[in-house]
Amino acid sequence: MQKDQTPSLLPRIRIPQTQDAQKSSQPDTQPAPRIYQPPREFRLDSLDDNSEYEDPDLFYPGPRPMNTPDRGMSLHVPRQTKGHYSSVCSDDELLDSDDDPTLWQEEGLSKQMGSVYLPDTGRLASAAKEQCSQHAAVIKMGWLDKNSPQGAIYYQRRWVKLDADYLRYFDSDKDVYSKGIISTAFITNVYSVGEHRFDVATNNRTFIFKAESEAERNDWVTVLNDCTRWRHQSSTMNTGSPLIPDFKGYLELKGLRSKLYTVVAADKVFLYKSIEDFRIGVGITSIEMNVGNVKDTDRRNFDLTTPYRIFSFIAESEVLKEQWVTAMLNAIGEALSNCEVANRIWAEPSNSLCADCGAPKPEWAGVNLCVVICKQCAGEHRGLGPSISKVRSLKMDRKVWTEELIQVFLLLGNGQVNSFWAANVPPSEALTPSSSTEERRRFITNKYRQGKYRKYHALFGHQTELNNALCINVQCSDVLETLSLIFCGADVNCSTGIASCPSPLSLAKAHSQLLQAELISHNLNTDLRQPEVGDAMELKHVSPPVCVSYNGFLFKTASMSRVITERKAREEFSRRWCMLNDGIFSYYDSDKNSNPNGALKASEMVCLAVDAPERHGYENTFEVYSQSERLYLFGTDDPDAHREWVKSIATSFIPATAEPLLRLNFERIGWLKCKDGLNLQTSKVGWFALVGSTLHFYLENSKGEEIHLRKLNELSIQQDNEVLVLVEKGRTLYIEGARKLDFVGWCGAIQAAAGRGGDTLSQQQLTNTDIPIIVHSCIQYITQCGLTSEGIYRKSGVNSRVAALCERFRHDARSLCLRDGEHQVDDVANTLKRFFRDLEEGLFTSEDASTWLSTAANQNESMKISQYQLLLNRLPRVNKATLQALINHLYCVQYWCDRNQMNIHNLAIVFGPTLFQTDGKDYTVGRAIEDLIEHYTLIFEVDEQQLQKQLEEIKHIILLLENPNTKLLGTEPGGHFICTVYLEEKNDTAERHVQIPASMTAAELTCAVLDQRKISVKDKEYWSCWEVNDKEEMERPLHYKERVLPILHSVGADSHLLIKKHLAMDTMISYLASKVDLSKHGIIKFREQRNILGLGSFHDRYFILNFNSLRMYKDVRSNCSEREWPVKNLTIYLGIKKKHRPPTCWGMTVVYEGKKQEKLEKQHWYLCYETMTEMREWYATFLSVQNDGDVWPQDGLQQVRESRVLQDTRHGNVSLIPLRGSENEMRNSVAAFSQDPLALFRDVR
């Protein structure tokens, strides 16, 4: 700024009073009036020196009357009795406030001339003024005269506040925002000088104050010295500001001609004149963000709004604007968090400093490691994974902080815990609050993952002794010793050898050592690498991504915090010079600039998405997602440059362990958290790449795998859009939404890939046998509902219904079920034909279709069949499977031509032109179809015995359709039914067919199967009949008196009956014999099917089970039950579907059936137990209550064997009927038809 542009200003001053004048003025409760002197020349460049000063008005270039605010610069608001608004106007530190007394209508401190002491927990009497502020507790406050920047004899009246962190001075006692702040960490000395005066000295400046009396002056000096002395003793900082900024830089405040250095730190925003002032701890004001709100206004502008004023900022670029907004929003979230737990934890002095770097006021903790840590170190703890460090916030994760856990942290404290974790830290490796991210990561990995600095236990390396010592120690109160044992190798899940207390956790609870139990419970799944004594200092090597370099021009839009759904025009892109080097992707205004507009580290990238050509204004675009929930869109018209950029960026952040993904032509690549297999407690990091309809992925410590998305059995988003569930044959994968932005993108991409991708066969949604679902569904429906329909495939359906069916199949074939009564046979038949006619490339492929037709003209039958087989094997996999399924179906249709009038010739006339996509004038196409149907068994090498079995099954279906009351061959004259039962496991060799009379019990069925296999029952063997539901992953043993036939009526195709031993029955009978009464109570983890209680998680509830009801209470202290169920209406199954993510492997699924408002009501809910013993005890009690204590026959199955009449088990050659699904699925008996024989055919998929 030029010197001649600097205005002359009129500072507001106050002439110091004489001693007499002071005495006479003391009864007056108002400050003395301010007297204005002629202006003095002031130069902005003089602000850089280190002289004492208080800045004059920088924004009002002329005299200003007293008590008359400049209305051009002030923020005008309606006057309120409980609010105060500041304007941008200052005579010293840039912020001034209206002095209108009508804004405040309250008595108290504003009318006092002196100062006021407040206790550490005290509050200002002026509550309205302080209601938004969360400054540290005020130690002392009052009116003082402050020497002006011009020095001499002129003083200015200031309202001064002192807290542990800052000395602040205000224009009045009503102001919210200060005119200046001095960090107590930088005050070096406070001393008395002359009459009522005292000086506050820092390393660079001296601030001069004057009190009303000598006693008042001495009080200020004493309090200031005590405060600064304590601050210096507790400070861990050597140089620099005590603030740990989350974000910092220059911002322009609207209306000013200079920029302010702005710092966002925790829950506050600080304003400084320059970076130099920040470094020496002298600022303008701080803004509490608990009442703040950030609004994005225009390009580089944004507003920070509080009830007291609006701060309108201008950033240096749009990218920086977005980063400032994000930082301030984070500060608001920090301010609104709960401080109750944090204050209690900090009550232990050593917990007020980070256990790793020593930063003050740490707000995070590793709850299993018992360390309190700062935000920066918490980020590195998360990188270790939850199996090593379970990071929780002291302010936000309120639920995890039980009273016991808080007491553990107060008992140990960072000091004692570090006597174990940091017993051997070399000074050269110790962290400080200013340590870099790389230094933190290295130190924290060494400290916790490697245990490099820990104090080794005397028993280290001796597993048995460690386990024994743990079992002994948990019975006493030495929690630190337990911590040392656990993290030196003791197994928290080891056996204690005591039946009543099998684990250290139960042992601690039994001895009422609640703090020990709390520590153990947080380490049940801790997975620390336990090195041998010799390699304790060895570091695990992790292969980093390959370092790549690339540069060039790209076109970029502004970064976004949401998924892009609209098309971005070329005008929305800006040309940028981009560089990828040393793992940093940066972009510049041009290739001449040295300062980047923005940069993104490879370690911050989580996903790279390649858009379809011409998706946006530029032909080739790609999207980069970051961990900070930002999306960056880049584009170019050069396909080669686009390809190189995608390859280079992907290579920079994909690790070597997932390097094969880079060789794929991916549409989206990145990492996600997921769970699969049997271990649903711990999330894994997986690297994923989406290629077409195939999802390729590498999980931790596993080889590459892939999922064919169009073959999924289920694809759903659950847990309030936080988990994507992919179910394929034999496997379920749960992908978690740890970050919302890229997770939404992955969900959309996977859902689109799992749907129909085009008009070719291979792009359809498929079954596990590679047949399009639309073909499979139509064939199944017509087989069960339309084989005897006259003119099937020849008669036309209703065109509008056919078009609607085609569209529904095209949208999502997996979700459409064809039902008898709802859909018509001819409509479904025409849907199938239209699908094949509209098929791109055709069923026989455009390349080979003519060869198929020329083969049909061959007169030599054997040569013709051989040629057909060669052509069949040349077809793509999906085409071949589809053709075989269709010809098999047409063979079955012509088999019943005497009823449907569709012989081979008629079918060929209809399907020839359809499958070959011709006009039908040439019968050559029909001749080819005739050959395929007539020689079906030879061309497709079909087992004729299997084909005859299939035709026999269809025969029974047709009989039932024509006469629902017809009794099938294989049933007994008395109305007995045939049931398929399995012995010990479900497979073909274990399959048994048993006649089921209406009166047969589960025990009788068990004996019948055992007699067929000539299996004798030994003593203490409890053979039972089980109902097993494969889909829901649950099972239950039928009560020995339970009738089998009603069970067969109620189970679906996903359930079957299994005869096997009940291994827990002996234990259950012994437990029940020891009980005095039939009741039980205790804490159980509970979850409802519809996630009523939260985000799909299990919650602790207190249950009471008695002879007639099961009651659920919120906790032990509750007087009123939340729910109550009649015990007789409950069906208890063992097991919980993994999809519901049970917290333990010991769970039960409970089904409740009752009436609600005269309607049948059916509910599912789930119970999880801590141990298998606990689950067995509850299950035994349920059985006993439901069956009045009769759980097992007194004389075992022998009594049942002697009383039952053996039935003839001969069935002849009759095949069982497939009640649901395909012919390869489980075959049930015709028992399900007893009440509604046609129920089977009303729900065909």
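Keep in mind the model is a prediction, meaning the values are calculated, not measured.

Calculation rules
Residues numbered from 1 in each chain as written. Predicted model: local features only at pLDDT ≥ 70, side-chain atom pairs only at ≥ 80, totals over all residues. Heavy atoms only, no water. Helix = DSSP H or I, 4+ residues; strand = E, 2+ residues; numbered from the N terminus. Expected span 1.5 Å × (residues − 1). Buried < 20%, exposed > 50% of the residue type's maximum accessible area, 1.4 Å probe, protein only. Salt bridge = Lys/Arg side-chain N within 4 Å of Asp/Glu carboxyl O. pLDDT = per-residue confidence, 0-100. Contact = heavy atoms within 4.5 Å. Core = buried A, V, L, I, M, F, W, Y, C linked by side-chain atoms within 4.5 Å. Pairing = 2+ DSSP bridges. Axes fitted to C-alpha atoms, helices over the stretch in contact; angles between N-to-C directions. Polar contact = N/O pair within 3.5 Å; in protein donor to acceptor, adjacent residues only side chain to side chain. Phe/Tyr/Trp six-rings, centres within 6.5 Å; stacked < 30°, edge-to-face > 60°. Lys NZ or Arg CZ within 6 Å of the ring centre and 35° of its normal.

Structural notes on helix H30 (residues 1172–1186)
In step 1: Between its terminal C-alpha atoms H30 stretches 21 Å, which fits the 21 Å expected from 15 residues at 1.5 Å a residue.
In step 2: Of all 15 residues in H30, 11 are buried; the element is thus mostly enclosed.
In step 3: Of all the positions in H30, only Glu1174, Met1175, Trp1178, Tyr1179, Ala1180, Thr1181, Phe1182, Leu1183, Ser1184, Val1185 and Gln1186 are classed as buried.
In step 4: Downstream of H30 by a residue or two, Asp1188 has a phi angle that is positive, lying close to 55 degrees.

Some remarks on the pattern of salt bridges
In step 1: What the rule picks out here adds up to 52 salt bridges.
In step 2: For Arg877, the salt bridge identified is with Asp770, shortest N-O distance 2.8 Å. Highlighted residues: Arg877 in helix H21 (residues 877–895) and Asp770 in the loop between helix H15 (740–754) and helix H16 (773–785), separated in sequence by 107 residues.
In step 3: The class of Arg877 is exposed, set by a relative accessible area of 54%.
In step 4: For Glu1177, the salt bridge is made with Lys1080, and the minimal N-O distance between the two is 3.4 Å. In this pair, Glu1177 is assigned in helix H30 and Lys1080 in strand S41 (residues 1080–1088), connecting sequence segments 97 residues apart.
In step 5: Salt bridges here are not isolated pairs; linked through shared partners, they connect Arg562, Glu566, Lys568 and Glu572.

Remarks on the confidence of the model for the protein chain
In step 1: The pLDDT averaged across the protein chain works out to 78; a share of 78% of its residues lies at or above 70.
In step 2: Confidence drops under pLDDT 50 across residues 1–134; counting only partners more than four residues distant or on other chains, this segment forms 302 contacts.
In step 3: pLDDT under 50 marks residues 530–545. Its contacts with residues more than four places away, or in other chains, come to 29 contacts.

With respect to the nonpolar core
In step 1: Counting 68 residues, the largest nonpolar core has Tyr793, Phe844, Trp852 and Leu883 as its most contacted members.
In step 2: For this core, the leading source of residues is H21, giving 10 residues.
In step 3: With sequence-adjacent residues up to four places away left out, Trp852 is seen in contact with Phe844, Tyr868, Leu871, Leu872, Leu875, Leu883, Phe916, Ala928 and Leu932.

Quick look at the sheet that holds strand S11 (residues 247–253)
In step 1: One open sheet accounts for seven strands, arranged S15-S13-S12-S11-S18-S17-S16; its pairing is antiparallel. Of all strands in the sheet, those with a lone pairing partner are strand S15 (285–288) and strand S16 (293–298), marking the two edges. Going from strand to strand, the sheet's axes swing by 35 degrees on average, the running direction of each strand aside.
In step 2: Across four bridges, strand S13 (residues 268–272) lies against S15 in antiparallel orientation. Pairing of Lys268 across the sheet is with Glu288, part of S15.
In step 3: Running at roughly 110 degrees to S11, helix H5 (residues 318–335) makes contact with S11, strand S12 (259–265), S13, S16, strand S17 (301–305) and strand S18 (310–314) of the sheet.

Some thoughts on H5
In step 1: An ideal rise of 1.5 Å per residue puts 26 Å on 18 residues; H5 measures up with 26 Å between its terminal C-alpha atoms.
In step 2: If you check which residues of H5 are buried, you get Val319, Lys321, Glu322, Trp324, Val325, Ala327, Met328, Ala331, Ile332, Glu334 and Ala335.

What about the sheet that holds strand S19 (residues 364–366)?
In step 1: Across the sheet, which stays open at both edges, the three strands sit in the order S20-S19-S21 with antiparallel pairing between neighbours. Among the strands making up the open sheet, the edge pair consists of strand S20 (371–373) and strand S21 (391–393). Ignoring strand direction, the axes of neighbouring strands in this sheet form an average angle of 30 degrees.
In step 2: In this sheet, S20 lies alongside S19 in antiparallel orientation, the contact comprising three bridges. From the neighbouring strand, Trp364 faces S20, where its bridge partner is Ile373.

Some remarks on the side chain of Asn888
In step 1: Topologically, Asn888 is positioned in helix H21.
In step 2: A polar contact of 2.9 Å, which involves the side chain of Asn888, links it to the side chain of Tyr936.
In step 3: Non-local contacts of Asn888, meaning those with residues more than four positions away in its chain, are made with Tyr936, Leu947 and Gln950.

Points about the environment of His993
In step 1: Mapping His993 onto the fold places it in strand S37 (residues 991–996).
In step 2: Accessibility expressed as a relative area gives 30% for His993, which makes it partly exposed.

A closer look at the packing of aromatic side chains
In step 1: For the coordinates displayed, the defined rule picks out 43 aromatic pairs.
In step 2: Pairing Tyr169 with Phe209 gives two aromatic rings, centres 6.4 Å apart and planes at 65 degrees, and the pair type is edge-to-face. Here Tyr169 is found in strand S6 (residues 166–170), whereas its partner Phe209 is found in strand S10 (residues 206–210), with 40 residues between them in sequence.
In step 3: For Phe209, a relative accessible area of 1% gives the class buried.
In step 4: Between the aromatic rings of Phe555 and Tyr618, the centroid separation amounts to 4.4 Å while the plane-to-plane angle is 15 degrees, which identifies the pairing as stacked. Taken together, the residues span a long stretch of sequence, with Phe555 in strand S22 (residues 550–556) and Tyr618 in the loop between strand S26 (605–610) and strand S27 (620–626) at a distance of 63 residues.
In step 5: If you follow Arg309 out to its NZ or CZ, it ends over the ring of Phe311, 4.0 Å from the centre.
In step 6: Looking at Arg570, its charged tip hangs above the ring of Tyr618, at a distance of 4.0 Å from the centre.

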